[in-house]
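Residues per chain are reported as follows:
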Amino acid sequence: MSIGLQIAWMISLPIVTILLVAVLFTGISLKVTARIDRRYGPPIYQPVIDLVKLVSLKSNVSHGLIFNWGLLVAIGGSTAALLMVPMGGIHIFSGSGDLLVLIYLMLVSSLGVGLSVGASENPNASMAASRSLMLGLGYEVPFLLILLAMMTYYHTTSLMDLVMLQRAGGMLGVLRFPLSAIAGLLIMPAMQGVRPFDIVTAPQEVASGTMVELGGKFLALSVIEHSLHAMVVLSLYVDIFFGGATNLGIFFLKVTGLFLAGVLINAVYPRFRVEQALRYCWRWPTWFALAGLIMAMVIKGA
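About the criteria used
- Residues numbered from 1 in each chain as written.
- Predicted model: local features only at pLDDT ≥ 70, side-chain atom pairs only at ≥ 80, totals over all residues.
- Heavy atoms only, no water.
- Helix = DSSP H or I, 4+ residues; strand = E, 2+ residues; numbered from the N terminus.
- Buried < 20%, exposed > 50% of the residue type's maximum accessible area, 1.4 Å probe, protein only.
- Contact = heavy atoms within 4.5 Å.
- Expected span 1.5 Å × (residues − 1).
- Axes fitted to C-alpha atoms, helices over the stretch in contact; angles between N-to-C directions.
- Left-handed = near helix turned anticlockwise from the far one by under 90°.
- Nonpolar A, V, L, I, M, F, W, Y, C, P; charged D, E, K, R; others polar.

Novice: When you look at the environment of F242 in this model, what are you seeing that I'm missing?
Specialist: The residue F242 is located in helix α10 (residues 217-242) in this model. In this structure F242 comes out as partly exposed when scored by relative accessible area, which is 29%. Placed 69 residues apart in sequence, F242 and G173 show a C-alpha to C-alpha distance of 6.2 Å. Once residues lying within four places of it in the same chain are set aside, the contact partners of F242 are Q166, L172, V174, Y237 and K254.

This is the structure:
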């Protein structure tokens, strides 16, 4: 096998595997939510069938070049971020300073979706895009404080180094910095855009928001982008606070447990209003994250 083919496998195989798992996570979420509501629910593989059906549709309404390329930019940002997160020993683009690059790449997906829905000229889509930016402004504050605490204590901006230092020290980040871990757990639903933070896609208010003008392959691209972004958020939390994993099996087991905790929250909590979501993110998660940063500085100074 040539070197070029090996590199292609290194890049494409993790993406395909993780994308499949991320889409199946949606099926697990629907199934668990249905059982909580005392319904049978669709089969777990239903999202895969829906995705194939959307891609195979011949009629696809487009609103111009920016509408088409915005979604591709969003997927590109999420894919690049995914390749930079160590997953069970696979760390393709990991290196010095990748945490700083990752912060920017996670914003590219929101900007790409904003460009696409803005070109559709639908007022519901534009309103959803503004909600997405406001929600990002809410959770970015505690998120940056969490990363700053980790970088301050471990004295590195490499995500792979954070994982290796946790293993070498014999203490996971969730045990060393419980306040930062709690802050990350509190903002995780907001970063994934699920209840009680599904203000961007609220069907009763903005008619599914950013997806209101999407159909066919464009809706499929939106589903793929959301799945990739959710996997980036879950994987990043596992690496920072649970020391990652030595193989993909254990890594996906940790990610699945974290995902199921979010599903239970999604199934029982009602949706926040926009001002409630911002007030929530800037209150307890921010205070916990700030306390975690102070703790990291004190421990490092001692």
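Novice: In this structure, what is going on with the environment of N68? I would like to understand it.
Specialist: Its place among the elements puts N68 in helix α3 (residues 65-84). Accessibility expressed as a relative area gives 25% for N68, which makes it partly exposed. The spacing of N68 and M191 is 123 residues in sequence and 24 Å in space, taken between C-alpha atoms.

Novice: What is the right way to read α3 from this model?
Specialist: Two residues of an α-helix separated by three or four positions point the same way, owing to the 3.6 residues in each turn. Here α3 spans 29 Å end to end across 20 residues, near enough to the 28 Å set by a 1.5 Å rise per residue. Within α3, the full set of buried residues consists of F67, G70, L71, A74, I75, G77, S78, T79, A81, L82, L83 and M84.

Novice: Looking at this structure, how should I read the packing of helix α5 (residues 123-154) against α10?
Specialist: Geometry of a packed helix pair, given as the angle between the helix axes and the separation of the axes. For the pair α5 and α10, the least separation of the axes is 11 Å and the interaxial angle reads 35 degrees. Both α5 and α10 take part in a crossing whose hand is left-handed. Where α5 approaches α10, its residues F143, I146, L147 and M150 are matched on the opposing element by L236, I240 and F241. For the contact of α5 with α10, the residue count by class is seven nonpolar, no polar and no charged.

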